[in-house]
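Fold and geometry: a report
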Amino acid sequence: MVKPKDMHNAEDNQIDEKIPENCIGFRLDKALATMFGQYSRSAIQQWIKDGLVTLDGQAAGQKTKVKEGQSVVINVPEPVATDSEAQDIPLDLVYQDEDILVINKPAGLVVHPGTGNRDGTLLNALLHFDDSLAVLPRAGIVHRIDKETTGLLVIARNDRAVKHLVEAIQQKQVRREYLAVISSQIVAGGTIDAPIGRHSRDRVKMAVSNRGKTAVTHFRVEEKFRAHTLVRVILETGRTHQIRVHMSWQGHPIIGDPVYGKRLTVPPSSSEILINTLRNFKRQALHAETLALHHPVSGELLSWTVPMPSDMQKLVDVLRQDTKDHAHA
């Protein structure tokens, strides 16, 4: 693979290279993606469409078959900086190096600006932490968790890391494990394989739908309570609201979920402490506990785990005490 320091003209962002033997017969877009692994294939395809790529001095289509020794020139466009504002918002950094950051996101922090959340997001915080992220798509954010969900997120710090992590997520090579407290008691885990798409009537919500995209969720029991269960959830895919939608669809909504939840589940003879704890838990009891991936540069397998936040831990502790109190009732 051609290394970045070897391929750029010193005066500009022009790449001038020869097609190597290992790319003979490839489509132009595939050959360039193979030669210049720090760029995504979709970006290369766009550059070809925009006329920024020539083959032996002539414009060529992305499906053009290449030959060894042909001269390829790419005029790489300057990165476009995000127009979002850098804001001094504290970050709980679990890991950092020159290629990636791993963040433990608190409840209430939106990951990316959108309707109703133009600032005060994780993206704004990242731009304050490292202003070089401004030239990356979404400031290096390659996956998201919901505003009220807590836990681990990986952030890319350069183009190469963005490309690697996006592809790793698409190829299901990033392991994401969550803890959730559900409003039902189950005795065994399982797998939910049901497509998810936009709700047919409420466009803010997602729903299981035959018109949706493939979604697969694995779950297993961690601890059983009188009327609730702590489950470990492992994502195979990453659809919007996937865990919340799937668990609710199975009749196991997450405690506190304001969108996909149901009426409060209170076991008989509950203490005031338990009743108040359940009533006052106003967000989904969902935590991204474990994240494992191969480092985008070294290839080393890395893994991180963060404990549940204090409000969710208190919820589990109260449910555990209630179960213990009624063990011999």
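For clarity, every value in this text was computed on a predicted model and none was experimentally measured.

Here is what the cut-offs are and how they apply
- Residues numbered from 1 in each chain as written.
- Predicted model: local features only at pLDDT ≥ 70, side-chain atom pairs only at ≥ 80, totals over all residues.
- Heavy atoms only, no water.
- Helix = DSSP H or I, 4+ residues; strand = E, 2+ residues; numbered from the N terminus.
- Buried < 20%, exposed > 50% of the residue type's maximum accessible area, 1.4 Å probe, protein only.
- Polar contact = N/O pair within 3.5 Å; in protein donor to acceptor, adjacent residues only side chain to side chain.
- Arc of directions from axis to C-beta.
- Axes fitted to C-alpha atoms, helices over the stretch in contact; angles between N-to-C directions.
- Left-handed = near helix turned anticlockwise from the far one by under 90°.
- Contact = heavy atoms within 4.5 Å.
- Nonpolar A, V, L, I, M, F, W, Y, C, P; charged D, E, K, R; others polar.

Points about the side chain of Thr 237
- As for its placement among the helices and strands, Thr 237 is situated in the loop between strand S13 (229-235) and helix H6 (242-249).
- Here Thr 237 falls in the buried class, since its relative accessible area comes to 9%.
- Polar side-chain contacts of Thr 237 include one of 2.9 Å to the backbone nitrogen of Val 216.
- A distance of 2.8 Å separates the side chain of Thr 237 from the side chain of Gln 242, its partner in a polar contact.

A closer look at helix H3 (residues 41-49)
- Those residues of H3 not exposed but buried are Ile 44, Trp 47 and Ile 48. Projection of H3 onto a plane perpendicular to its axis shows the buried side chains occupying an angular sector of 100°, all on one side. Facing away from the buried side of H3, by more than 90 degrees, are the exposed residues Ser 42 and Lys 49.
- Directly after H3, the chain includes Gly 51, whose backbone phi takes a positive value near 75°.

Remarks on the packing of helix H7 (residues 272-279) against helix H8 (residues 310-325)
- Relative to each other, H7 and H8 sit at 145°, their axes nearing to 10 Å. As for how H7 packs across H8, the hand of that crossing is left-handed. Residues Ile 273, Leu 274, Thr 277 and Leu 278 of H7 form the contact with H8, whose own contacting residues are Lys 314, Leu 315, Val 318, Leu 319 and Asp 322.
- Tallied by class, the residues present in the contact of H7 with H8 amount to six nonpolar, one polar and two charged.

What to know about unusual backbone geometry
- Positive phi outside glycine occurs at Arg 138, with the angle close to 55°.
- By the element assignment, Arg 138 lies in the loop between helix H4 (122-129) and strand S7 (150-156).
- Taking relative accessible area as the criterion, Arg 138 reaches 47% and is therefore assigned partly exposed.
- Phi at Lys 172 is positive, roughly 60°, even though this residue is not glycine.
- Counting through the fold element by element, Lys 172 comes out in the loop between helix H5 (159-170) and strand S8 (175-182).

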